[in-house]
Every structure is written in C-alpha cells, then in structure tokens.
Amino acid sequence: MAANRPALIALTALAPVSWGTTYAVTTEFLPPDRPLFTGLMRALPAGLLLLALARVLPRGAWWWKAAVLGALNIGAFFPLLFLSAYRLPGGMAAVVGSAGPLLVVGLSALLLGQRPTARSVLTGVVAAFGVSLVVLRAAGALDVLGVLAALASTASMSAGTVLTKRWGRPDGVGPLALAGWQLTAGGLLIAPLALLAEGAPPALDGPAAGGYLYLALANTAVAYWLWFRGIGRLSAAQATFLVPLSPLTAAVLGWAALGQTLTPVQLVGMALAFGATVAGQLASRAEPVVPGRPFSSASRNGRKDSMDLTRAGARR
C-alpha cells in the first residue's frame, strides 16, 4: 500500500482538480440562475450511468445510508455549490472550500473517535487563514449569499466525507456502485426542488448541452468514482486536504481564460491554502494510529481497509 500511495493520492487529486473547472463551465456555458437544475443535470445522469455499470443496488441499512450520504455529498452540496458559482468569481467561490480540512478534523474527532493532533489542526488553520485573506480582502466586491452558500456546501461535503469513511462499504460493493448510489439519491432529492423553485427546464443551446455533458461525465461520474475510491483507502483528513486543489484550478482558469485578477494579499492567501494541501498529506502520514470508537455498521471490507491503513501508518 505504501508503495502505491503516491499514485493513489495523485488519482484522488484528479477529482478536486476536475471540480475546479465547475465554476468556469457554469458561468461561461450554462443557463444563468439555475443552480438546482444545474445540480440535477450534473448528478442524476451520472448516477444512473454508474448504476448501470455497477449493476448493484443497496441492501438493508444501506438504503438509508446511501440516502444520507447522497443528501450530504450531492443533494445539498451541488445546489449550494452552483449557487455560489453563480454569485461569486470562480476562484473566490472555490477557495472557500479550503476551510474543509478544518471541518473534517473536527468532525473526525466526533464521528471517528480520532483525536485531532496539533499538526493537523495547525495545517487546517493555515488553510482557513488563507481563505480568510482571500474572502475578507474582497469583501466589498463579494456577494454575502454567495459566500454563505460556498461555506455551507463545504460543510455539507465535509460531513459526507467523514460519514463515508465511518460507514465504509458493504461486502462486495466497490467505489463505482457507492458513487452511483449517492449521485442517484442526491439527484432524486434535487429533482422536485428544481421543479418547484425554478419551474420547467430551460431551453439548451449547443454550448449549454456540451457543458452539462462534461459536468455529468468527466466532472462527476469519473471524478466521484476516483474520490470515493480514494476515501476508502486514505484517511478522511488526508483526502480532504486535497480539496484546496479545486481553487487552484479555478483560479488558474479564471486568470488564464476569464480575465479575472487577484490582489497580492489574495495571492498570499491562496498560496497558504494550497501549501496546506501538501502539508496535509505529510501530516496525515506522520500521525500515529489512534484507537477510535467501533464502527458498528462497518463491513468486513471497511475493516480490511482500516487494517491496510494502519500498516501504511495512516490514522483511521
């Protein structure tokens, strides 16, 4: 496992890198002011595709677990994410997600029984401080509702990440099926809300159809398969410290393609948040294994993952 860890981290990192393109695609190609419809078009087609490929449905308690995870990781996260994308510049909206590692450290203490170490907390604080430099510096130009939506989406995904780690996966179920369950459940949750709040679907031109196709396939189906695969093998903190790669991608795209600018103070804040990504990987590998509360609903696969993580020196 240790020998394959760099490759595993690199593949998992492709998910937040892909998510960083969401903001540019949303603002440049998609119909305006349709966050619920956009979340639906991103989640449900991808979920149904993965279900068709995996050909595995939830059983027993996993019906409600998949619904809870789908609500946190998809059903709440996607609409809030797109609301922030519509109301904030891409780099600004994405960089708020850098607060996720600090939230995951706290939630891991509550739900996984993992005592937060000084190193992990410091790394999370540095990421959050970098976020504050970016957001506070631009407070006069940023939409308050957009910032709150970005923070709420980060909190929702952080909770979903920790619960995904706590519950593991059922026997014989891979990350493809797990991603399909959650995307489908989240999409079905969004569907009636989109119809009630936004009405009938808008007419789509060629660029909008292409944008939705990209979001459903590469940005969601493939990215979430890689993400849940990584969560199953990395610690929750190690996985979430990859999330700042999303604002890096969004900021680079905003600068290169959309003509957006950042002040020197904002660049320093982004550098701190991005530096926490590397430090988070090193901190998670160096932290000792801390006995946690028993996972009452963990599968044998989940216990095997935990043993593999222990051998690799990762904290479960």
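For the structure itself, consult the block above.
Please read all numbers here as calculations on a predicted model, not as lab measurements. (Residues numbered from 1 in each chain as written. Predicted model: local features only at pLDDT ≥ 70, side-chain atom pairs only at ≥ 80, totals over all residues. Heavy atoms only, no water.)

1. Observations concerning the overall build of the protein
What counts, and what does not: A run of DSSP states H or I qualifies as a helix once it reaches four residues; a run of E qualifies as a strand once it reaches two. Both are numbered from the N-terminal end. Burial status follows relative accessibility: with a 1.4 Å probe on protein chains alone, a residue under 20% of its type maximum counts as buried, one over 50% as exposed, and anything between as partly exposed. We call two residues in contact when some of their heavy atoms are within 4.5 Å. In these tables, accessible area is a Shrake-Rupley quantity obtained with a 1.4 Å probe, and a residue counts as shielded only by the protein chains included in the view.
Scanning the protein for helices and strands turns up 14 helices and 0 strands. Buried positions account for 55% of the 316 residues belonging to the protein. Taking all contacts inside the protein whose residues are at least 6 apart in sequence as the whole, residues at least 24 apart take part in 91%. When the accessible surface of the protein is summed, it comes to about 12900 Å², and 71% of that surface belongs to carbon and sulfur atoms.

2. Examining a nonpolar patch on the surface
Note the cut-off: Note on patches: the residues involved have over 30% relative accessible area and no salt bridge, like charges join within 9 Å, and the nonpolar side chains Val, Leu, Ile, Met, Phe, Trp and Tyr join within 5 Å. When a carboxyl oxygen of Asp or Glu is within 4 Å of a side-chain nitrogen of Lys or Arg, the pair counts as a salt bridge.
A surface patch of nonpolar side chains, about 370 Å² in accessible area, is lined by Leu49, Leu53, Leu213 and Leu217. Secondary-structure elements contributing two or more residues to the nonpolar patch are α3 (35-54) and α10 (206-233). Considering the arrangement of structural elements, one finds leucine 213 in helix α10. Of the residues examined, leucine 213 reaches a relative accessible area of 53% and is grouped as exposed.

3. Some thoughts on the nonpolar core
What counts, and what does not: Take the buried residues of types Ala, Val, Leu, Ile, Met, Phe, Trp, Tyr and Cys, join any two whose side-chain atoms come within 4.5 Å, and each joined set is a nonpolar core.
Residues Trp19, Phe78, Trp181, Leu183, Tyr224, Trp227 and Phe228 are the most contacted members of the largest nonpolar core, which totals 46 residues. Secondary structure elements with two or more residues in this core: α1 (5-19), α2 (22-29), α3, α4 (62-87), α8 (144-167), α9 (175-198) and α10. Considering each element in turn, this core owes the most residues, 10 residues, to α4. Judged by nonpolar contacts, the second largest core, of 6 residues, contains Ala13, Leu234, Leu242 and Leu245.

4. Observations concerning the side chain of threonine 184
Here is the rule we go by: Polar contacts, as used here, are pairs of N or O atoms within 3.5 Å; protein pairs need one atom able to donate a hydrogen and one able to accept it. Residues neighboring in sequence count only if both atoms are side-chain atoms.
Looking at the secondary structure, you find threonine 184 in helix α9. Of the residues examined, threonine 184 reaches a relative accessible area of 11% and is grouped as buried. Within polar-contact distance, the side chain of threonine 184 engages the backbone oxygen of glycine 180 at 2.8 Å. Not counting chain neighbours up to four residues away, the residues in contact with threonine 184 comprise Leu44, Gly47, Leu48 and Leu51.

5. Observations regarding the pattern of salt bridges
Opposite charge on two side chains lets them pair, provided their charged atoms get close. With the rule as written, the count across this model stands at 2 salt bridges. Residue glutamate 198 pairs with arginine 34 through a salt bridge whose shortest N-O separation is 3.3 Å. Of the two residues, glutamate 198 is situated in helix α9 and arginine 34 in the loop between α2 and α3; the sequence distance between them amounts to 164 residues. Assessed through its relative accessible area of 12%, arginine 34 is described here as buried. Notably, a salt bridge pairs aspartate 143 with arginine 87, separated by 2.8 Å at the nearest N-O pair. Of the two residues, aspartate 143 sits in the loop between α7 (118-137) and α8 while arginine 87 sits in helix α4, which places them 56 residues apart along the sequence. Overall, aspartate 143 belongs to the partly exposed group, its relative accessible area being 23%. On the basis of relative accessible area, arginine 87 is assigned to the partly exposed category, the value being 37%.

6. Things to note about the packing of α4 against α8
Keep this limit in mind: Angles shown run from 0 to 180 degrees and are taken between the N-to-C directions of axes, each axis being a line fitted to C-alpha atoms and, for helices, limited to the stretch in contact. When describing relative orientation, an angle under 35 degrees is termed roughly parallel and one over 145 degrees roughly antiparallel, while 65 to 115 degrees is termed roughly perpendicular and anything else oblique. A clockwise turn of the near helix away from the far one marks a right-handed crossing, whereas an anticlockwise turn of less than a right angle marks a left-handed crossing. Under the scheme applied, nonpolar residues are Ala, Val, Leu, Ile, Met, Phe, Trp, Tyr, Cys and Pro; charged residues are Asp, Glu, Lys and Arg; polar residues are all the others, including Gly.
In contact at an axis separation of 8 Å, α4 and α8 are set at 155° when each is read in the N-to-C sense. Viewed along their axes, α4 and α8 adopt a mutual orientation that is roughly antiparallel. Relative to α8, α4 is oriented so that their crossing is left-handed. Of the residues belonging to the contact of α4 with α8, the class tally is 19 nonpolar, 8 polar and 2 charged.

7. Comments concerning α1
Our working rule: To estimate how far a helix should reach, multiply one less than its number of residues by 1.5 Å.
Between its first and last C-alpha, α1 extends 22 Å over 15 residues, near the 21 Å set by a 1.5 Å rise per residue. Turning to α1, its buried residues number three or more, namely Arg5, Leu8, Ile9, Thr12, Ala13, Ala15, Pro16, Ser18 and Trp19.

8. Here's the deal with the packing of aromatic side chains
For clarity, the threshold we go by: Only centres within 6.5 Å qualify two rings of Phe, Tyr or Trp (six-membered ring in Trp) as a pair; their planes then separate them into stacked at under 30 degrees, edge-to-face at over 60, and tilted for everything else.
Per the stated rule, a full pass over the model turns up 8 aromatic pairs. Here the aromatic rings of phenylalanine 77 and phenylalanine 78 are separated by 5.9 Å at their centres, their planes lie at 50°, and the arrangement is tilted. The exposure class of phenylalanine 78 is buried, given its relative accessible area of 0%. Geometrically, the ring pair formed by phenylalanine 78 and tyrosine 224 is edge-to-face, given 5.9 Å between the ring centres and 65° between the ring planes. Taken together, the residues phenylalanine 78 in helix α4 and tyrosine 224 in helix α10 connect sequence positions 146 residues apart. Side by side, phenylalanine 78 and tyrosine 224 carry an identical accessibility label, which is buried. The rings of Trp19, Phe77, Phe78, Tyr224, Trp227 and Phe228 are connected pair by pair, giving a single aromatic cluster.

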